[in-house]
Amino acid sequence: GNYEDPSSLYPTIDSLPPRSLNFVFIDPTECDVPFATIEALVRRLRSADLLINVALGTDVNRNIIPAILSPTHTRAREKYERFLGATGFCARDEIIKLAKRLDHETLRRKFAEAYNESLRRIGYIHTNIRPVRHYYYLLFASKSRTGLDFWLKSCKIGADNQRELL
């Protein structure tokens, strides 16, 4: 399907059992999947946990400051605001000040907070973010505390099947 056209995903979604619990992994290489697409997917699925690759260490780190400060970067600014589901993020006084100070770390944190706010708005109140080195951040989101507990337990097992001690 086409993430710009969520209805292109509906035939697949509609083939699932109506009372199923779903796990949706969204893995873009940059922050270009509009939040409206996520809203449409979860509205159609009704019961879904999300795992979203948020490119904070790559796309956001490289491009957010020009998107905020440069009038020639309107497409990048619009892309970020569509991704966040929050118009006006790049125009906030606090965000502009951080960009002028070249404070990448705080900008990344504020970006992630804005994304979490959008998720909370649609009922995803249980979230957890896991860095993958310093490039990507996997954001888990669930409407259920049980979903988050399951995620946290699964994160204690490494890719090599090694478990954390504590």
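Before any of the text, the structure's been laid out above.
Presented here is an overview of the structure given in this document. (Residues numbered from 1 in each chain as written. Predicted model: local features only at pLDDT ≥ 70, side-chain atom pairs only at ≥ 80, totals over all residues. Heavy atoms only, no water.)

1. Notes on unusual backbone geometry
1) Next: The backbone of R46 shows a phi angle near 75°, a positive value even though the residue is not glycine.
2) Next: When you line up the elements, R46 lands in the loop between α2 (35-45) and β2 (48-54).
3) Next: Note on R46: relative accessible area 60%, which makes it exposed.
4) Next: Even without being a glycine, L102 presents a positive backbone phi close to 60°.
5) Next: Structurally, the position occupied by L102 is in the loop between α5 (93-100) and α6 (104-121).
6) Next: The exposure class of L102 is exposed, given its relative accessible area of 55%. (Helix = DSSP H or I, 4+ residues; strand = E, 2+ residues; numbered from the N terminus. Buried < 20%, exposed > 50% of the residue type's maximum accessible area, 1.4 Å probe, protein only.)

2. Concerning the environment of G85
1) Next: Mapping G85 onto the fold places it in the loop between α4 (74-84) and α5.
2) Next: The class for G85 is partly exposed, based on a relative accessible area of 34%.
3) Next: Placed 50 residues apart in sequence, G85 and F35 show a C-alpha to C-alpha distance of 5.0 Å.
4) Next: What G85 contacts, discounting residues up to four positions off in sequence, is F35, S118 and R121. (Contact = heavy atoms within 4.5 Å.)

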